[in-house]
Each structure stands twice: as C-alpha cells, then as structure tokens.
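Coordinate analysis (summary)
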Amino acid sequence: LYVEEARYRDAFRLLDAALLSQPNVPVTRTFQNEMAAVFEDLFLSGKADALPPIEALALYYDFSKLTPVGRRGDELIRRLSERLVAVDLLDQAAELLEHQVQFRLTGAAKAQVATRLAIVHLMNRKPQKAAAILSATRLADLPLELREQRLLLESRALMGTNRFDNALDVIASLKGPEAARQRADVLWAAKRWRGAGEA
C-alpha cells in the first residue's frame with residue numbers, strides 16, 4: 001500500500017522492521033525480494049525522477065543494501081549520479097561514481113565510469129582529482145573514441161593544475177578540431193599567445 005502511494009521510505013522501513021524481528025522466516029525473504037524489486041524499479045524506470053534530488057539521494061543512501069548486483073546495480077548508480085550532476089550536487093555524484101570505480105567495476109567499464117568521474121571533478125573545479133583518476137584507470141586496449149576522450153580530459157585536467165607542457169604532450173598524437181581546440185586552450189592558459197593564435 002505504501003508503494004502504491006509512493007511512500008517508499010515507509011515501505012523500506014517496514015522491511016527493516018521485518019528483518020530485525022523475523023530475519024529467517026520465508027515470508028521475510030519474499031518481502032525482501034519484493035522490496036529489492038521496488039527499489040530497482042524506482043531508480044531504473046524513472047520513478048525516482050518525481051522525487052526531489054536530495055530525497056532520492058537520501059533514499060538511496062539509507063537503503064543502498066537493496067541495490068542489485070551486477071550491471072543493473074551499476075546502471076542504477078550511474079543514473080542517480082547523472083541526476084545529481086543535473087542539479088549541481090557534484091560532490092555527491094562524484095562520491096557515487098568513486099565507489100563504483102574502486103569497488104564494483106573492472107576493465108573497460110571501469111575506465112568508462114572513471115572518465116565520467118573525471119568530467120564531474122572538472123565541473124567541480126578539482127582538476128588534480130580528475131588527473132589522478134584518469135591516471136589510475138589507464139588501460140592499453142580501450143576503444144579509440146573513449147581513449148581520445150580520456151586524453152582530452154587528462155590534458156584539460158593537467159592544464160587546470162598549470163602543467164601546460166604535460167597537457168600538450170598528452171594530446172600530441174591527436175588530430176581533429178577537438179584536439180586543436182584543446183591545444184589552443186592550453187596555450188592560451190599558458191599565455192603563449194602566438195601558439196594559441198596559430199592553434
């Protein structure tokens with residue numbers, strides 16, 4: 001009934017009460033599975049978009065044990081982080097993505113989420129953190145598009161820490177308008193006006 005009325009916190013609290021009083025009863029396990037499905041549906045089907053962002057975040061943190069394992073859980077966390085970015089809750093979004101990068105993902109998926117985390121750090125004016133996460137998740141065999149995106153971001157992060165020569169070295173092999181624009185930005189930030197104008 002609480003779920004039908006969108007009183008999700010009340011519903012999840014009832015589950016907590018059931019787990020405290022009768023944890024090993026089959027009906028409690030069924031109840032837990034049902035509430036886990038509600039939690040997943042809430043964040044993956046867009047129903048949580050109707051909640052204020054702070055409330056959605058609080059609901060996630062308070063009942064994060066209901067987060068599904070595997071890809072569905074990772075997708076849930078990514079969607080929630082995107083919502084937080086949209087309302088400028090950048091520290092909270094970064095925290096969610098950081099947890100994914102450190103504990104939940106490996107390989108190319110880890111590099112991809114780390115790329116998004118670096119973008120959030122740059123939006124939050126934390127270039128050192130962006131550079132550090134890109135460096136820590138470097139992989140040789142990434143898809144070309146993702147690899148180039150990461151190099152451009154790393155260059156921007158290094159530029160933000162006034163390491164202009166390093167920022168240029170990172171994108172030395174890249175071609176195209178985005179790379180040219182990034183070179184111009186780095187040279188401009190370094191006050192190398194002639195090079196910036198040529199770029």
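Placed above this text is the structure.
Basis of the calculations
- Residues numbered from 1 in each chain as written.
- Predicted model: local features only at pLDDT ≥ 70, side-chain atom pairs only at ≥ 80, totals over all residues.
- Heavy atoms only, no water.
- Helix = DSSP H or I, 4+ residues; strand = E, 2+ residues; numbered from the N terminus.
- Rg over C-alpha atoms; globule rule 2.2 N^0.38 Å.
- Buried < 20%, exposed > 50% of the residue type's maximum accessible area, 1.4 Å probe, protein only.
- Areas by Shrake-Rupley, 256 points an atom, 1.4 Å probe, with all protein chains shown as cover.
- Lys, Arg positive; Asp, Glu negative; His and termini not counted.
- Charge placed at Lys NZ, Arg CZ, Asp CG, Glu CD.
- Phe/Tyr/Trp six-rings, centres within 6.5 Å; stacked < 30°, edge-to-face > 60°.
- Salt bridge = Lys/Arg side-chain N within 4 Å of Asp/Glu carboxyl O.
- Core = buried A, V, L, I, M, F, W, Y, C linked by side-chain atoms within 4.5 Å.
- Contact = heavy atoms within 4.5 Å.

1. What to know about the overall build of the protein
A tally of regular secondary structure across the protein gives eleven helices and zero strands. For the protein, the succession of helices and strands along the chain, N to C, is α-α-α-α-α-α-α-α-α-α-α. In terms of C-alpha radius of gyration, the protein reaches 21 Å, well past the compact-globule figure of 16 Å for 199 residues. Principal-axis analysis of the C-alpha atoms gives the protein an extent of 70 × 35 × 25 Å. A total of 199 residues make up the protein; the buried ones form 41% of that total. Total accessible area on the protein is roughly 11500 Å²; 53% of this is exposed by carbon and sulfur atoms. The averaged location of the 26 negative side-chain charges in the protein is 5 Å from the averaged location of its 28 positive side-chain charges.

2. Quick notes on the packing of aromatic side chains
What the rule picks out here adds up to seven aromatic pairs. Ring plane angle 65° and centroid distance 5.8 Å describe the contact between Phe-12 and Phe-39, whose orientation is recorded as edge-to-face. Here the residue Phe-12 occupies a position in helix H1 (residues 8–21), and Phe-39 occupies one in helix H2 (residues 26–44), the gap between them amounting to 27 residues. Under the relative-accessibility criterion, Phe-12 is labelled buried at 0%. Connected via pairs of aromatic rings, a cluster forms that spans Phe-12, Phe-39, Phe-43, Tyr-60, Tyr-61 and Phe-63.

3. Some thoughts on the pattern of salt bridges
Pairing between side chains of opposite charge can happen when their charged atoms approach one another. Throughout the structure, instances matching the rule amount to 16 salt bridges. One salt bridge in this structure joins Arg-181 and Asp-185, with 3.7 Å as the shortest N-O distance. Taken together, the residues span about one helical turn, with Arg-181 and Asp-185 both in helix H10 (residues 177–189) at a distance of four residues.

4. Comments concerning the nonpolar core
Ranked by size, the top nonpolar core spans 42 residues in total, and within it Phe-12, Phe-39, Phe-43, Tyr-60 and Leu-80 carry the most contacts. When residues of this core are traced back to their parent elements, those giving at least two are H1, H2, helix H3 (53–62), helix H4 (70–86), helix H5 (90–104), helix H6 (107–123), helix H7 (127–136) and helix H8 (144–160). Of all hydrophobic cores here, the second largest spans 15 residues; its members include Leu-151, Ala-167, Leu-174 and Val-186.

5. Here's the deal with the side chain of Thr-28
With respect to the helices and strands, Thr-28 occurs in helix H2. Among the residues examined, Thr-28 registers a relative accessible area of 4% and is labelled buried. When near neighbours in sequence (up to four residues on either side) are disregarded, Thr-28 contacts Ala-18, Leu-19, Gln-22 and Pro-23.

6. Some thoughts on unusual backbone geometry
Phi angles above zero are rare outside glycine, and Asp-88 is one such case at about 70°. Within the element layout of this structure, Asp-88 appears in the loop between H4 and H5. The phi dihedral of Arg-125 is positive, around 60°, even though this residue is not glycine. Tracing the backbone shows Arg-125 in the loop between H6 and H7. The class of Arg-125 is exposed, set by a relative accessible area of 76%.

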